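What the coordinates show
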Amino acid sequence: MERRKEPRYQVDAHAEVICGDDRFDATVTEISKHGIRLKSADFVEPGRKVKMVVFLGSPERVSGEVMWVLAEPKEGTVTYRMGIYCESGGVITGERESD
């Protein structure tokens, strides 16, 4: 039984992620109003805050918290899949917070 209240969408979009002083590239694979699933060669510990620019047609700035990380070793490399809870929300719906 699906527990999610908001629909998720499969995407293949580039993202630039900032976590503290670190910056790295990632690929967004799923997105919803309050969540992003991404994959990257860079590890981020669960609980860390991140800021991202997701390129979905036009750049979308979002922030959130890493909720989980799954390491996928393959042929001498590791790809990390991460679930991000997006505090700013509205990534899919077009809603935006006022500045």
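Attention here is on the structure that accompanies the text.

Some words on the side chain of T29
- Its location among the elements puts T29 in strand β2 (residues 22–32).
- On the basis of relative accessibility, which here comes to 14%, the residue T29 falls in the buried class.
- Dropping the residues within four chain positions of it, T29 is found in contact with Y9, Q10, V11, R37, L38, K39 and R81.

A short note on the nonpolar core
- Ranked by internal contacts, the top residues of the largest apolar core, which has 20 residues, are I36, L38, V50, M52, V54 and I84.
- Elements that contribute at least two residues to this core include exactly β1 (9–19), β2, β3 (35–40), β4 (49–56), β5 (58–74) and β6 (77–86).
- With sequence-adjacent residues up to four places away left out, M52 is seen in contact with E16, V17, I36, L38, E60, R61, V62, I84 and C86.

Overview of unusual backbone geometry
- Backbone geometry at E75 places phi at a positive 50°, although glycine is not the residue there.
- Since its relative accessible area comes to 76%, E75 is described here as exposed.

What about empty space enclosed by the protein?
- In total, this model carries 1 cavity of 30 Å³ or more according to the counting rule given.
- For the largest cavity, the calculated volume is near 30 Å³.
- If you trace the largest cavity, you find it lined by V17, F24, L38, V44, V50, M52, V66, M82 and I84.
- Broken down by secondary-structure element, the contributors of at least two residues to the lining of the largest cavity are β4 and β6.
- Looking at the lining of the largest cavity residue by residue, the classes come out as 9 nonpolar, no polar and no charged.

Describing the packing of aromatic side chains
- Summed over the entire model, instances satisfying the criterion amount to 1 aromatic pair.
- Note on F43 and Y80: the rings are 5.3 Å apart at their centroids and 65° apart in plane angle, and the pair reads as edge-to-face. In this pair, F43 sits in the loop between β3 and β4 while Y80 sits in strand β6, placing the two residues 37 residues apart along the sequence.
- Assessed through its relative accessible area of 18%, Y80 is described here as buried.

Thresholds, definitions, all that
- Residues numbered from 1 in each chain as written.
- Predicted model: local features only at pLDDT ≥ 70, side-chain atom pairs only at ≥ 80, totals over all residues.
- Heavy atoms only, no water.
- Helix = DSSP H or I, 4+ residues; strand = E, 2+ residues; numbered from the N terminus.
- Buried < 20%, exposed > 50% of the residue type's maximum accessible area, 1.4 Å probe, protein only.
- Contact = heavy atoms within 4.5 Å.
- Core = buried A, V, L, I, M, F, W, Y, C linked by side-chain atoms within 4.5 Å.
- 1 Å grid on protein atoms, 1.4 Å probe; cavity = no way out; pocket = protein on both sides within 12 Å on 5 of 7 lines; lining within 4 Å.
- Points joined across faces, edges and corners; volume = space filled by probe spheres on them.
- Nonpolar A, V, L, I, M, F, W, Y, C, P; charged D, E, K, R; others polar.
- Phe/Tyr/Trp six-rings, centres within 6.5 Å; stacked < 30°, edge-to-face > 60°.

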